[in-house]
Each structure stands twice: as structure tokens, then as C-alpha cells.
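Summary of the model geometry
Next come the chains, spelled out residue by residue.
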Amino acid sequence: NDYKISDDEAILYVAFISQWNRANRKITELDYDKFKEFMSRNNQTFNELSKTKIESLLTENKETGSKIANLAQALSEIAGVGWVGATKILHMRLPNLFVPIDNAIAKQKAYQIKKGKKFGDSYFSFLCKVSERFNPVYEIWKNNLEIRTGFFNLEKSFAKAIDEYNFLKVHQQDVDSW
């Protein structure tokens, strides 16, 4: 695999995750070289997963699940990325498949996403759970332009819609106080 992520593309990811970390008072500096090497080394896997969508995840084979878990685990172990940051970067890279999370969503009884060595597997389990949970409303979402585009009239993936639902459900009190 000769693919090398460009500096411009890597900087976009790094800038985003650095802002995220700063907003959440995390001070671990992102290991730019390891991050860039990870994204380049895994480009083929990302390309193989590019046709997989959250709404069809349950119909995929075990190999797909292993790829997802391994990507999430390895990315979360890069200094400065972490497990929440990994989901955000994965979503940026494949927005139709990966649902980003935050700490509060990860702690939800229905999801129970684990940190550390079990993160990749538990994140894949989370993706399967949300795929199963939200699949019944997919057709409604797909056929309703107003729901798909939202307030700013920007097309969003079903994975992003699930993220927004989870965020609002978990952070309802915070949203009400805005």
C-alpha cells in the first residue's frame, strides 16, 4: 500500500481533534507522525469500508466487524486521539458508517462503550446496537428532505442524524439551558 495521506488532509483532522481536546481540557498532544502513518497505512481498509453504511451494518460479515473494531482500537491508542476522538475522526473519514460519541453517550446503559483494550469491540457493538435501534426509522429519514437536511439545509448522513439524536437525548438539560 503506497498511499500516503497528504499534509493538508492530515492537518484538517489534527486541527479538529486539537480543538476538540482543547474544548474538553485534554492536554495530551497529538502524535502527528503516528496519526499520519495510521491514516496512510489503513487507507485500503477505509476504502473497503466506504460502501458500508450504518443502516446496513447488520447485514455485513464478521470480517467487516473486525476491520471496524481494529480501526477504532488502533486509532484510539494514538497519543492525543483517545477513544472519543477516534470516533470523531472515523466519522469524518466515513460519515455514512461511523457514529461519533462523547463521554456521556458512551456511559449510557444501552451502549456501555468501554475504554482501553476493549474499546474497539465495544464501539463496534455500539454501532450494531444503533443500527438495529434506528433502522426502523431509516426509510422515513431517507424519504424526508427536511429531516435529512435540517435547519441549515445541509445534507447529512444517517449516522450523523443518529449522533444528533443521541446528543440531544443525553444532553437535553444542557440544551434546554442554552
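Here the structure is shown first, and the text comes after it.
Here we summarise the structure given alongside this text. (Residues numbered from 1 in each chain as written. Predicted model: local features only at pLDDT ≥ 70, side-chain atom pairs only at ≥ 80, totals over all residues. Heavy atoms only, no water.)

So, the overall build of the protein chain
On a plain count of helices and strands, the protein chain comes out with 10 helices and 0 strands. Going residue by residue from the N terminus, the α and β elements of the protein chain occur as α-α-α-α-α-α-α-α-α-α. For the protein chain, the proportion of its 178 residues judged to be buried stands at 43%. A sequence separation of at least 24 residues applies to 64% of the contacts in the protein chain between residues at least 6 apart. (Helix = DSSP H or I, 4+ residues; strand = E, 2+ residues; numbered from the N terminus. Buried < 20%, exposed > 50% of the residue type's maximum accessible area, 1.4 Å probe, protein only. Contact = heavy atoms within 4.5 Å.)

A short note on the pattern of salt bridges
According to the stated counting rule, one finds 6 salt bridges in the structure shown. With a closest N to O distance of 3.5 Å, Glu77 and Lys117 form a salt bridge. Separated by 40 residues along the polypeptide, Glu77 in the loop between helix H4 (62-76) and helix H5 (82-93) and Lys117 in the loop between helix H6 (103-106) and helix H7 (119-142) bring together distant segments of the chain. Beyond isolated ion pairs, a larger network of salt bridges with shared partners links Glu48, Glu63 and Lys67. (Salt bridge = Lys/Arg side-chain N within 4 Å of Asp/Glu carboxyl O.)

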